[in-house]
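Single-letter residue listing:
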Amino acid sequence: MSTNRRRFLQSTAAIAALPASAQSIRATPSMEAIDQAAQRPVLNLKEISVPILIESFELHRLGNDHILKAASRDGAVGYTITNNRAFQLYPLLRDNVLPHFIGKDARNLETLLDELYGFKSNYKLQGLALWCCVAWVEMALLDLLGRITNQRLGDMLGGVLRESIPVYYASGNRQTSPQEEVDILKRKVEEHGVKAVKFKIGGRMSNNADSIPGRSEALIPLVRKTLGDSIDIHSDSNGSYDPPKAIDIGKRLQDANAIFFEEPCPFDHLDDTKRVADALEIDIAGGECESSHRRFRWMVHHGAVQVVQPDLHYYGGYIRSRRVANMAAVAGMPITLHMGGSGVGFVEVVQFASCTPNIGPYQEFKEGFEKSVYYDPPLTMKDGEVSVPKGAGLGLAPLEDRLKKAERIV
């Protein structure tokens, strides 16, 4: 195992909490072991003696945010904030996803998620669009169940392990010069007290073209020189490179002692990604655009990545993402979620991290902390760590007054 990979795992205190079989760090876990991990139940609900029959869903638009409300026949409600895809995807949500859940028992949420794949032949719509819609429904129902049982989200997913989560500041810039970008990163480190950052390289699915010629090669060493050795760095190319170029860039990141290299090749070029991982010492991270359980299974089994990165919305919610974490744990891999879109994604990442044993040392954070007003009590950020919501369910504050000012979409 490389120095960087040992460092990454050793810095993840949660790895020590894994079962002994997961701590063995097998290079190639068997498919059978991966499947057994993925099949373990995720939900840990307090006993509910009567069915919780799902009565209705409503989707509301409030400014740039969309709020999904779920209600049971006995009057219980749950809410979630979607990512920024709801305005595009609400017909799919309305026609192919919501009808599957109406009249069903919310206590059977895990089974309902699995059965939705065949409902209305949804498997023919496999992809991020479908699973975003599923994620919103799952999140609203988890909130509803949490409010009924007075459980926090982390407790429903196995138990809260930590009350604050270290985050890295993620810059989305590609049109800045190297000096402009390091100035931004330095300012954000000082502003938020974070101990780690992530910056963009390449041109985004660009067939080796940089956003500005020579930017990436100049930026990588400049970030390390400017921020110093006390700040951990991560880098993301969004699938910009073929294997030879990715290997060259990866070696530069190794020289800068970076934590991981995210999505070096196009996300669905799994063989190419494995080729890069095999050639480098730095950890390869990937999975943000993945929607297939089977492909995550392949990545874990073959070591195509060393850090799995499902997106809670793109991959279909907390339960499916926790299954990926369980698969990764068999191989001794950490999980560091991707945070896509707008809404309250960084809070959702924090909630997932609060209860996942093999969580990576940092989770993604972008601007938008003002969105924490959706939570009661409000969240705090101190010394680069974000507090975990403490309320039942998703920890959201009452939203009915906000919905009175919103436009109903579904």
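See the structure shown above.
Report follows, based on the coordinates. (Residues numbered from 1 in each chain as written. Predicted model: local features only at pLDDT ≥ 70, side-chain atom pairs only at ≥ 80, totals over all residues. Heavy atoms only, no water.)

Considering the sheet that holds strand 1 (residues 54–62)
Here is step 1: Read across the sheet, four strands follow the order 3-2-1-13 without closing on themselves; strand pairing throughout is antiparallel. A strand with exactly one partner marks an edge of an open sheet, and here the two such strands are strand 3 (77–81) and strand 13 (407–408).
Here is step 2: Pairing of strand 2 (residues 65–72) with strand 3, which is carried by five bridges, proceeds in the antiparallel orientation. For Ile67, the partnering residue across the bridge sits in strand 3 and is Ile81. (Pairing = 2+ DSSP bridges. Helix = DSSP H or I, 4+ residues; strand = E, 2+ residues; numbered from the N terminus.)

Here we look at the pairing of strand 2
Here is step 1: Taken across its eight residues, strand 2 has eight buried, putting it largely inside the fold.
Here is step 2: For strand 1 and strand 2, the ladder comprises eight bridges, and the chain directions are antiparallel. Of the residues in strand 2, the one forming a bridge with Ile54 is Ser72.
Here is step 3: With antiparallel pairing between neighbouring strands as the criterion, strand 2 and strand 3 make up a hairpin whose turn holds four residues, including Gly75 at a positive phi of roughly 95 degrees. (Buried < 20%, exposed > 50% of the residue type's maximum accessible area, 1.4 Å probe, protein only.)

Brief notes about the nonpolar core
Here is step 1: Core analysis: the biggest nonpolar cluster contains 117 residues, and Phe101 and Phe261 have the highest contact counts within it.
Here is step 2: Element by element, the count of residues in this core is highest for helix 6 (residues 128–149), at 14 residues.
Here is step 3: Beyond its immediate sequence surroundings of up to four residues, Phe101 is in contact with Ile54, Phe57, Leu109, Leu112, Leu113, Leu116, Val137 and Leu141.
Here is step 4: Of all hydrophobic cores here, the second largest spans eight residues; its members include Ala196, Ile259, Ala285 and Val307. (Core = buried A, V, L, I, M, F, W, Y, C linked by side-chain atoms within 4.5 Å. Contact = heavy atoms within 4.5 Å.)

Focus on unusual backbone geometry
Most peptide bonds take the trans form, and the phi angle of most residues other than glycine is negative.
Here is step 1: Going from Asp376 to Pro377, the amide bond is cis rather than trans, its omega being 0 degrees.
Here is step 2: Inspection of the secondary structure assignment puts Pro377 in the loop between strand 10 (363–365) and strand 11 (381–382).
Here is step 3: Of note, the phi angle at Lys120 is positive, near 50 degrees, even though the residue is not glycine.
Here is step 4: Judged by its relative accessible area of 48%, Lys120 is partly exposed.

So, the packing of helix 4 (residues 86–101) against helix 5 (residues 109–116)
Here is step 1: The N-to-C vectors of helix 4 and helix 5 enclose an angle of 145 degrees; their axes lie 10 Å apart at closest approach. Crossing handedness for the pair helix 4 and helix 5: right-handed. Contact residues: helix 4 offers Asn96, Val97, His100 and Phe101, while helix 5 offers Leu109, Leu112, Leu113, Glu115 and Leu116.
Here is step 2: Residue classes in the contact of helix 4 with helix 5 are distributed as six nonpolar, two polar and one charged. (Axes fitted to C-alpha atoms, helices over the stretch in contact; angles between N-to-C directions. Left-handed = near helix turned anticlockwise from the far one by under 90°. Nonpolar A, V, L, I, M, F, W, Y, C, P; charged D, E, K, R; others polar.)

So, the state of the cysteines
Here is step 1: Counting across every chain of the model gives zero disulfides.
Here is step 2: Lacking any disulfide linkage, Cys265 is separated from the closest cysteine sulfur, that of Cys289, by 14 Å.
Here is step 3: Looking at Cys289, it has no disulfide partner, and the nearest cysteine sulfur is the one in Cys132, 10 Å off.
Here is step 4: In this structure Cys289 comes out as buried when scored by relative accessible area, which is 18%. (Disulfide = S-S within 2.5 Å.)

Looking at the side chain of Ser237
Here is step 1: In this structure, Ser237 sits in the loop between strand 6 (232–236) and helix 10 (243–255).
Here is step 2: Residue contacts for Ser237: discarding those within four places in its chain leaves Arg174, Ile201, Arg204, Phe261, Glu262, Glu263 and Pro264.

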